[in-house]
Amino acid sequence: MATLFQGLGVVTPLSSSNSFDSNKFLLPSRRSLSERKDGIFVVRSDARVSQVMKTGARKHELLIPNAVATKGGSSVASTSKSGHELLLFEALREGLEEEMERDPCVCVMGEDVGHYGGSYKVTKGLATKFGDLRVLDTPIAENSFTGMGIGAAMTGLRPVVEGMNMGFLLLAFNQISNNCGMLHYTSGGQFKIPIVIRGPGGVGRQLGAEHSQRLESYFQSIPGIQMVACSTPYNAKGLMKAAIRSENPVILFEHVLLYNLKEKIPDEEYVLSLEEAEMVRPGEHVTILTYSRMRYHVMQAAKTLVNKGYDPEIIDIRSLKPFDLYTIGNSVKKTHRVLIVEECMRTGGIGASLTAAITENFHDYLDAPIVCLSSQDVPTPYAGTLEEWTVVQPAQIVTAVEQLCQ
């Protein structure tokens, strides 16, 4: 697990690759399908309903080659029936507001995040409640206010930097890569950078190429940074709170078309793990790995697949860096087939990195080549019909599963 472990005042980076030490995790030789199924015990859960994560709850767990082990102590079941409905952007705001109330070091900065409430109203009302010093409107200068946020994190604050659009944060790429990801290491552990960088991205409805970028692949190669993508109001709030409490810099990806999704979330406080995937739908025939908006395209395709007699297992990977190879690996060892569905670009995208990680660690369990459905390597067209052609559609997912399971 590529994460940071703190001890005796020094933070030691583990391997940044999503792979296991081959000396510790020796996979058995290729066996027949029936033999492998006999040796697998599946732990099924729907994280949206039954899992309430606490920050730091997940420990470094061994991946058992011959069986799926229960995750001891990594989650507790939620028995509460109470809750309240929120839209996704409201869930983000509620998580942010709770953390600002809990910790006076948490502050927000970005363009129009103050009394305007943010372009998508994630920070609406926070300036009135917490004041202009903790909810700071900035000039249109991403490199400046992102650098300012990193400096604030170095001095002990916990800034949440909003990019009005993820594409604009390319102007701050130098600050994010050379400062945000590296300062902890280049200072010999003297500085921590507990900063959250968040904002909307993804292909919207005719927002044009500049406002429809998928930048996950741009940031995944930066050492020292964690990345998560929310897809429901439940995990949006939980990931927001976890990201703010993390001692590491975290980039939280939100999708512009998911802000108005509504879901009932618990009244009691909960915090999700930044490094765990979510089992959306248990299945037997094929593992479908996805995240963000594509989760809903996959679920739409799953209805058709079930009617055709297929039983897909759907996992929202959520943690884009590092990958949750525990959950993913256990699923691969059960289904032996993998389909990756992403909105990111095909060349050098999240799917490419995920394919490499699965191949490196679980090749012996695959009965078919990994299939990856990604967006086309073109700037997103403005025309609506052309825009749809660049993004994976449910019918393509159905076809891919049928071909994989032949």
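As annotated in an unreviewed UniProt entry, the protein chain is pyruvate dehydrogenase (acetyl-transferring) from Cajanus cajan. Note on the protein chain: under the UniProt heading Subunit (unreviewed entry), the record states "Tetramer of 2 alpha and 2 beta subunits." Under the Cofactor (unreviewed entry) heading, UniProt states for the protein chain: "thiamine diphosphate".

For the bond from Lys321 to Pro322, the omega torsion is 0°, close enough to zero to count as cis. Relative to the assigned elements, Pro322 resides in the loop between strand 14 (319-321) and helix 11 (325-335). We note that Ser292 has phi near 55°; this positive angle belongs to a residue other than glycine. Secondary-structure assignment places Ser292 in the loop between strand 12 (286-290) and helix 10 (294-307).

Of all hydrophobic cores here, the largest spans 46 residues; its most connected members are Phe219, Ile251, Leu289, Ile317 and Ile358. Elements that contribute at least two residues to this core include exactly strand 4 (106-110), helix 5 (142-154), helix 6 (173-180), strand 8 (226-229), strand 9 (250-255), helix 11, strand 15 (338-345) and helix 12 (350-362). Among the elements that make up this core, the one with the highest residue count is helix 12 (5 residues). Split by domain, the residues of this core number at least three in each of domain 1 (83-266) and domain 2 (278-405). For Phe219, the residues in contact, after removing those within four places along its chain, are Leu169, Phe173, Ile176, Met227, Ile251 and Phe253.

Moving on, we come to the packing of aromatic side chains. Applying the stated criterion across every chain yields a total of 4 aromatic pairs. Here the aromatic rings of Tyr120 and Tyr259 are separated by 4.9 Å at their centres, their planes lie at 25°, and the arrangement is stacked. With Tyr120 in the loop between strand 4 and helix 4 (126-130) and Tyr259 in the loop between strand 9 and strand 10 (262-265), the pair connects residues that are 139 residues apart, well separated along the chain. The exposure class assigned to Tyr259 is buried, which follows from its relative accessible area of 4%. Linked through ring pairs, Phe173, Phe219 and Phe253 together constitute an aromatic cluster. The ring centre of Tyr365 lies 5.7 Å from the NZ or CZ of Lys333, which sits over that ring.

Another point: the sheet that holds strand 7 (residues 196-201). Strands sit in the order 5-4-6-7-9-8-14 across an open sheet of 7 strands; the sheet is mixed. Edge positions in the sheet fall to strand 5 (135-137) and strand 14, since each of these pairs with one other strand and no more. Taken pair by pair, the neighbouring strands of this sheet meet at an average axis angle of 20°, ignoring direction. When strand 4 meets strand 6 (residues 158-162), the two strands line up parallel, connected through 5 bridges. Residue pairing for strand 6: Cys107 is matched across the bridge by Pro159.

Within the secondary structure layout, Ser217 lies in helix 8 (residues 216-219). Its relative accessible area of 14% is what places Ser217 among the buried residues. What Ser217 contacts, discounting residues up to four positions off in sequence, is Cys344, Gly348 and Gly349.

Moving on, we come to the sheet that holds strand 11 (residues 278-281). Pairing is mixed in the open sheet, where 5 strands are placed in the order 11-13-12-15-16. Each edge of the sheet is formed by a strand with only one pairing partner; in this case those strands are strand 11 and strand 16 (371-375). Each neighbouring strand pair of the sheet contributes to a mean axis angle of 25°, computed without reference to strand direction. Note that strand 15 and strand 16 share 4 bridges and pair parallel. Across the sheet, Leu339 pairs through a bridge with Val371, a residue of strand 16. Helix 10 rests against strand 11, strand 12, strand 13 (312-316) and strand 15 of the sheet, and its axis sits at about 170° to strand 13. Contacts from helix 12 reach strand 12, strand 15 and strand 16, with the element oriented near 150° to strand 15.

Right, let's talk about helix 14 (residues 394-404) for a bit. Within the sequence span of helix 14, burial applies to Pro394, Ile397, Val398, Ala400, Val401 and Leu404. All buried residues of helix 14 fall inside an arc of 165° around its axis, so they share one side. In helix 14, the exposed residues that point more than 90 degrees away from the buried face are Ala395 and Gln403. Each element contacted by the buried residues of helix 14 is listed here: strand 12, helix 10, strand 15 and strand 16.

Here we take up the environment of Met100. Inspection of the secondary structure puts Met100 in helix 3 (residues 88-102). Given a relative accessible area of 1%, Met100 falls into the buried group. Between the alpha carbons of Met100 and Arg158 there is a distance of 9.5 Å; along the sequence they are 58 residues apart. In this view, Met100 contacts Val106, Cys107, Val108, Leu126, Phe130, Arg134 and Val135; residues no more than four positions away in its chain are not counted.

Cut-offs and rules
Residues numbered from 1 in each chain as written. Predicted model: local features only at pLDDT ≥ 70, side-chain atom pairs only at ≥ 80, totals over all residues. Heavy atoms only, no water. UniProt positions renumbered as here; feature names shortened; annotations may be inferred. Helix = DSSP H or I, 4+ residues; strand = E, 2+ residues; numbered from the N terminus. Core = buried A, V, L, I, M, F, W, Y, C linked by side-chain atoms within 4.5 Å. Buried < 20%, exposed > 50% of the residue type's maximum accessible area, 1.4 Å probe, protein only. Domains from an automatic or database assignment. Contact = heavy atoms within 4.5 Å. Phe/Tyr/Trp six-rings, centres within 6.5 Å; stacked < 30°, edge-to-face > 60°. Lys NZ or Arg CZ within 6 Å of the ring centre and 35° of its normal. Pairing = 2+ DSSP bridges. Axes fitted to C-alpha atoms, helices over the stretch in contact; angles between N-to-C directions. Arc of directions from axis to C-beta.

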